Amino acid sequence: MTEAPQRTTSGSIGEIEPGVLAILSGVTTGLIGAVAYFLVPLVTSEYVNTGGRDSLEITYYILESFFEQSLFYHVGVLVLVPLVITALTLSLARRGGHAGRSTDVAVITTVIVGPFVTVWLGAAIAWGAIVVQSPAIALLDIIFALPIAVILSACVAIVTAVSAVGGYVLVKRFRP
């Protein structure tokens, strides 16, 4: 009786399938954006220390914190992170023998989509929390919140796309 060969669960990161690498790169980029723009403002604010406020006030504070951040902070989160993650993921994929156009497109797409989805997920969570506390304000709030979410998500997608393409060009230039 012969046993089927066992597939080991431990291996090098270069052996990960390109689709999984692409998804991981998009999730990582989105999570870093969520931490930088949602979690950091909440943890470093007085809202945590005083037992919290209502959802509308917290949402306003997060939005205000976004606009008060320095240009270097935004460059670090929206430009540097996608550039590095794209370059790193594509380098790992190439090292694993997956140097195809479909891998490149999948990685770049997920690096762009991850932060875009994060903006909309954050907006949906904030709006849902406001609905729970005050449905009337939430209905009025959607008139203002929807255009802000559209503009912010478009800006995030454009900047992240340029950055991800920059990471692709770096890898293409130095690792053919």
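Just above, that's the structure.
The residue numbers shown here count from 1 along each chain, following its written sequence. With pLDDT at 70 or above as the cut-off, local features in this predicted model cover only qualifying residues; side-chain atom pairs require 80 or more to be listed or tallied, and sums for whole chains, interfaces and linings still use all residues. To obtain the side-chain values, all non-hydrogen atoms of the structure were included, while hydrogens and water were left out.

**Student:** Would you take a moment to explain helix H1 (residues 18-43) for this structure?
**Tutor:** Because each turn of an α-helix spans 3.6 residues, side chains separated by three or four positions end up pointing in the same direction. In this model, H1 (26 residues) spans 35 Å end to end at C-alpha, consistent with the 38 Å of a helix rising 1.5 Å per residue. Among the residues making up H1, those that are buried are Pro18, Leu21, Ala22, Ser25, Gly26, Thr29, Gly30, Gly33, Ala36, Tyr37 and Pro41. Contact criterion: two residues are considered in contact whenever any of their non-hydrogen atoms come within 4.5 Å of each other. A helix here means a DSSP run of H or I that spans at least four residues, while a strand means a run of E at least two residues long, and both kinds are numbered starting from the N terminus. Against the buried residues of H1 lie helix H3 (55-68), helix H4 (71-95) and helix H5 (101-133). Helix span is expected to be 1.5 Å times the residue number reduced by one. With a 1.4 Å probe rolled over the protein chains alone, any residue whose accessible area is under 20% of its type maximum counts as buried; one over 50% counts as exposed, and the rest are partly exposed.

**Student:** Mind showing me how you'd approach the side chain of Ser25 here?
**Tutor:** Mapped onto the secondary structure, Ser25 falls in helix H1. You can call Ser25 buried: its relative accessible area is 2%. Within the local environment of Ser25, its side chain forms a polar contact with the backbone oxygen of Ala22, the two atoms lying 2.6 Å apart. Setting aside residues up to four positions removed in sequence, Ser25 forms contacts with Ile85, Thr89, Val107, Thr110 and Val111. Each polar contact in these results corresponds to two N or O atoms within 3.5 Å; when the atoms are within protein, one needs to be able to donate a hydrogen and the other to accept it, and residues that are neighboring in sequence are counted only if both atoms are side-chain atoms.

**Student:** Would you explain the pattern of salt bridges in this entry?
**Tutor:** Where charged atoms from two side chains of opposite charge come close, those side chains can pair. We define a salt bridge as a side-chain nitrogen of Lys or Arg found within 4 Å of a carboxyl oxygen belonging to Asp or Glu. For the structure shown, the criterion picks out 1 salt bridge. Between Arg94 and Asp104 there is a salt bridge; the shortest N-O distance is 2.9 Å. Of the two residues, Arg94 sits in helix H4 while Asp104 sits in helix H5, which places them 10 residues apart along the sequence. By the burial criterion, Arg94 is buried, and Asp104 matches it.

**Student:** Even after reading the chapter, I still don't get the side chain of Thr103, so can you show me in this structure?
**Tutor:** As for its position among the elements, Thr103 is in helix H5. Beyond its immediate chain neighbours, meaning those up to four positions away, Thr103 contacts Pro18, Leu90, Ala93 and His98.

**Student:** Whenever I open this one, the packing of H1 against H4 confuses me. Can you help?
**Tutor:** Angle between the axes and distance between the axes: these two values describe a pair of packed helices. For every element, the axis is a line fit to its C-alpha atoms; helices are fit only across the contacting stretch, and the angle between N-to-C directions ranges from 0 to 180 degrees. Two elements in contact, H1 and H4, have axes whose closest approach is 10 Å; the angle formed by their N-to-C orientations is 165 degrees. With respect to H4, the axis of H1 lies roughly antiparallel. Taken as a pair, H1 and H4 cross one another with a handedness that is right-handed. Residues Leu21, Ser25, Thr28, Thr29, Ile32, Gly33, Ala36, Tyr37 and Val40 of H1 lie in contact with H4, whose contacting residues are Tyr73, His74, Val77, Leu78, Val81, Pro82, Ile85, Thr89, Leu92 and Ala93. Throughout, the ten residues Ala, Val, Leu, Ile, Met, Phe, Trp, Tyr, Cys and Pro are labelled nonpolar, Asp, Glu, Lys and Arg are labelled charged, and all others, Gly among them, are labelled polar. Of the residues belonging to the contact of H1 with H4, the class tally is 13 nonpolar, 6 polar and no charged. Oblique is the label for any angle not covered by the other classes, which are roughly parallel (under 35 degrees), roughly antiparallel (over 145) and roughly perpendicular (65 to 115). Take the far helix as your reference; a near helix turned counterclockwise from it by less than a right angle gives a left-handed crossing, and one turned clockwise gives a right-handed crossing.

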